[in-house]
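The primary structure of each chain is shown beneath.
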Amino acid sequence: TYGTRPNLSGAKLLGADLTAVEFYRANFAGANLSGANLTKSGLSRADFSSANMSGTNLSKSDAIRCSFAGANLTGANFTYAIIARASFAGSNLSGADWTKAYLYRTDLKGADLTGVIGLQQNQLAEACGDETTELPPGLTAPNWWPCSE
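Note that the coordinates shown come from a computational prediction; the quantities given were computed from them, not determined experimentally. (Residues numbered from 1 in each chain as written. Predicted model: local features only at pLDDT ≥ 70, side-chain atom pairs only at ≥ 80, totals over all residues. Heavy atoms only, no water.)

Student: When you look at the packing of aromatic side chains in this model, what are you seeing that I'm missing?
Tutor: Between two aromatic rings, the relevant description is the distance of the centres plus the angle of the planes. Within this structure, the stated rule accounts for nine aromatic pairs. Consider the rings of Phe 68 and Phe 78, whose centres lie 5.7 Å apart with planes at 90 degrees: the pair is edge-to-face. Here Phe 68 is found in the loop between strand S2 (22-24) and helix H1 (121-124), whereas its partner Phe 78 is found in the loop between S2 and H1, with ten residues between them in sequence. Residues Phe 68 and Phe 88 carry aromatic rings whose centres are separated by 4.8 Å and whose planes lie at 10 degrees to one another, so their mutual orientation is stacked. Of the two residues, Phe 68 is situated in the loop between S2 and H1 and Phe 88 in the loop between S2 and H1; the sequence distance between them amounts to 20 residues. Phe 68 gets classed as buried once you look at its relative accessible area, which sits at 0%. Chaining the aromatic ring pairs together yields one cluster made of Phe 23, Phe 28, Phe 48, Phe 68, Phe 78, Phe 88 and Trp 98. (Phe/Tyr/Trp six-rings, centres within 6.5 Å; stacked < 30°, edge-to-face > 60°. Helix = DSSP H or I, 4+ residues; strand = E, 2+ residues; numbered from the N terminus. Buried < 20%, exposed > 50% of the residue type's maximum accessible area, 1.4 Å probe, protein only.)

Student: I'm lost on a positive patch on the surface in this one. Help?
Tutor: A cluster of like positive charges, contributed by Arg 5, Arg 25, Arg 45, Arg 65, Arg 85 and Arg 105, occupies part of the molecular surface. With respect to the helices and strands, Arg 25 occurs in the loop between S2 and H1. (Patch = residues over 30% accessible without salt bridge, like charges linked within 9 Å, V, L, I, M, F, W, Y side chains within 5 Å. Areas by Shrake-Rupley, 256 points an atom, 1.4 Å probe, with all protein chains shown as cover. Salt bridge = Lys/Arg side-chain N within 4 Å of Asp/Glu carboxyl O. Lys, Arg positive; Asp, Glu negative; His and termini not counted. Charge placed at Lys NZ, Arg CZ, Asp CG, Glu CD.)

Student: What is the right way to look at the environment of Ala 71 in this model?
Tutor: Among the structural elements, Ala 71 can be located in the loop between S2 and H1. When the C-alpha atoms of Ala 71 and Trp 144 are compared, they prove to be 27 Å apart, with 73 residues separating the residues in sequence. Ignoring sequence-local partners within four residues, the contact set of Ala 71 consists of Phe 48, Ser 50, Ala 51, Ser 91 and Asn 92. (Contact = heavy atoms within 4.5 Å.)

Student: For this particular structure, what's the right way to read unusual backbone geometry?
Tutor: Trans peptide bonds make up most of the peptide bonds, and negative phi angles are found at most residues other than glycine. The residue Arg 45 is not glycine, and still its phi comes out positive at about 60 degrees. Following the sequence through the fold, Arg 45 ends up in the loop between S2 and H1. Phi is positive for Arg 65, which is not a glycine, with a value near 60 degrees. Of note, Arg 65 is situated in the loop between S2 and H1. On the basis of relative accessible area, Arg 65 is assigned to the partly exposed category, the value being 40%.

Right, here's the structure in full:
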């Protein structure tokens, strides 16, 4: 399935199988994607702000420049996902799995990462955080965040 700028804001997609979809600049703002499967999907520049994505599987997906601001990502699976330049400000990431996720210039400013699983120090070195970024136990902020002003 392919779509450019599909408007799925507020959609009820609980448990939906969206494996390998290509939705460029999709609007999922406020949608309910709880338990949905977005494995291997191309979601560049999609807007997931304030969406319910608890338990959503985004493993191996391309979510470059997506907005997850204010989204519920409790238990979401980002294993091997490309979330470069995505934004997570104000999102709930408790229990989200970021094992081997690619975080090049991912905006973590103001994000609470204390409950994120699989996050490694080398991933943080590529991301953009600040003094408001909360990190899981055992991880420390880099001496210099790549996106510092």
